[in-house]
Amino acid sequence: MDCCFFSYTNPRFPTPPARRPISLGPRLIVVAGASSSRSRCDFGGLHAPLEPRTPAGRLLSGVCLDDRAGFHAAARGELERLAVERDEAAARLQLSLGSDEACLHRRIAEFRQHECQDAVEDVMYMLIFYKFSEIGVSLVPRLSKCAYNGRLEIWPSKDWELESIHNSEVLQMVREHLSALVGCKANSNVTDSWATTKVQRFRLCEMYAASILYGYFLKTASLRYQLERGLDLSSSHYGLAGRGKHPVSEMFTAGSSYIAHGRVSSSISTPASPVSYSLGNNPKSLRLYMMGFDHESVQMCAKPKSKEAVDLLERHTAALFGDEETGLLETDDALTTSFASLKRFLLEAVAFGSFLWSAENFVSDVYMLEDN
């Protein structure tokens, strides 16, 4: 298969500051062990691998606990404040150009830009966390804290809750994506679902990152489909006259490499060869519309639009799979887990990608993000 890739890396994985714990909704229990001896990894706090590292993030985590009805207003207020601080620093720099103080104001503006970017990433993460809490799902914590004696199991599964965010057509594509990755059919019986398998941490990281990008891709493609149907632009340069040779879910499963230059990163492989059939100018379903994508269109829809979203995706993946200090993958040993737990893990990743898209759009309405 001819493939093309995009990848991104981020050298910044600082250790988040300590903060007071909060508790939202039911706790996720990750059970790990061997044979009849099992240890329970019951995590509290933010219920997420990352914790806020900025005052804006810590403020919103408190609002999640104390005033959920006012959460989005508080998030918008923080974004407005950050936009004002960044713009004021940039304006002072412009006024100082040509003066002896220009160098100082340039450094202040650069520092403020970096500080605001960190805060915006925290706001995005809290928006994603809020979406998970709305459906009663806790994020899986750092694996190093939960995998004992090479065994990892997660319950309650929360599959229904994680699937409920998708409409029926998208959900079918999500299930096909999981089947392609895991090799376990969506309608498997209970015995098959709880059968165990071994998976390398490296491969698990690959599948998790690919599923995040697939969730993001589905949101972008769905929006484009609705816009083009509404505006009757199906034959535009996005419309895509039927060049997709493979189901879109397969584009996120082959040729991937998620550890690059010693850092957690990700890439997507997509088929580049043309196909002999045409879907026409008015696809009747989202599936047909997406099957008409060429590889550039898939990359355009799957690639996060902002640098802040890319950095957040990498920080989250590094916190989940990597060393707390460096972000490096700690070990590539094999974990024993059930197909049910693996499915739960990847459903979370697809949901994370979908919520990342929503958070990015919420933020961009208030705060100008940096193009990726």
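None of the values given here were measured: they were computed from a predicted structure.

Caption draft 1: Representation of the overall build of the protein chain within the structure. Tallying secondary structure elements over the protein chain gives 11 helices and 11 strands in all. Looking at the protein chain residue by residue over its 372 residues, the buried ones come to 53%. Sequence-distant contacts, at least 24 apart, represent 85% of the contacts inside the protein chain between residues at least 6 apart.

Caption draft 2: Molecular detail of the side chain of aspartate 159. As for its position among the elements, aspartate 159 is in helix H4 (residues 159–163). With near-sequence residues (within four places) excluded, aspartate 159 lies in contact with Lys343, Arg344 and Leu347.

Caption draft 3: Focus on the packing of helix H3 (residues 102–134) against helix H10 (residues 307–321). One way to put it is that H3 packs onto H10 with a least axis distance of 9 Å and a crossing angle of 65°. Between H3 and H10, the angle is such that the two are roughly perpendicular. Taken as a pair, H3 and H10 cross one another with a handedness that is right-handed. Here Gln117, Val120, Glu121, Asp122, Met124, Tyr125 and Ile128 of H3 come into contact with H10, specifically with Lys307, Glu308, Ala309, Asp311, Leu312, Arg315 and His316.

Caption draft 4: Spatial organisation of the confidence of the model for the protein chain. Scored by pLDDT, the protein chain has a mean of 76; 69% of the residues are at 70 or more. Least confident of the elements in the protein chain is strand S7 (residues 259–260), whose mean pLDDT is 29; most confident is helix H11 (residues 339–364), at 95. Counted against residues more than four places away or in other chains, residues 31–46, with its pLDDT under 50, gives 52 contacts. Low confidence marks residues 253–280, where pLDDT is under 50. Its contacts with residues over four positions away, or in another chain, come to 98 contacts.

Caption draft 5: Layout of the packing of aromatic side chains. Summed over all chains, the structure comprises 10 aromatic pairs. Both rings, one in phenylalanine 71 and one in tyrosine 130, keep their centres 4.5 Å apart while their planes meet at 0°; by these two values the pair is stacked. Here phenylalanine 71 is found in helix H2 (residues 71–96), whereas its partner tyrosine 130 is found in helix H3, with 59 residues between them in sequence. For the pair phenylalanine 71 and tyrosine 130, a shared accessibility class is recorded, and that class is buried. Geometrically, the ring pair formed by tyrosine 208 and phenylalanine 345 is tilted, given 4.8 Å between the ring centres and 40° between the ring planes. One end of the pair, tyrosine 208, is in helix H7 (residues 201–231); the other, phenylalanine 345, is in helix H11, and 137 residues separate them in sequence. Residue class for phenylalanine 345 comes out buried when judged on its relative accessible area of 2%. Taken together through their ring pairs, the aromatic side chains of Tyr214, Phe217, Tyr225, Tyr289 and Phe293 make up a single cluster. The ring of phenylalanine 362 has arginine 76 lying over it, and the distance from NZ or CZ to the ring centre is 5.3 Å. The ring of tyrosine 367 is capped by arginine 86, whose NZ or CZ atom sits 4.0 Å from the centre of that ring.

Conventions adopted
- Residues numbered from 1 in each chain as written.
- Predicted model: local features only at pLDDT ≥ 70, side-chain atom pairs only at ≥ 80, totals over all residues.
- Heavy atoms only, no water.
- Helix = DSSP H or I, 4+ residues; strand = E, 2+ residues; numbered from the N terminus.
- Buried < 20%, exposed > 50% of the residue type's maximum accessible area, 1.4 Å probe, protein only.
- Contact = heavy atoms within 4.5 Å.
- Axes fitted to C-alpha atoms, helices over the stretch in contact; angles between N-to-C directions.
- Parallel < 35°, antiparallel > 145°, perpendicular 65-115°, else oblique.
- Left-handed = near helix turned anticlockwise from the far one by under 90°.
- pLDDT = per-residue confidence, 0-100.
- Phe/Tyr/Trp six-rings, centres within 6.5 Å; stacked < 30°, edge-to-face > 60°.
- Lys NZ or Arg CZ within 6 Å of the ring centre and 35° of its normal.

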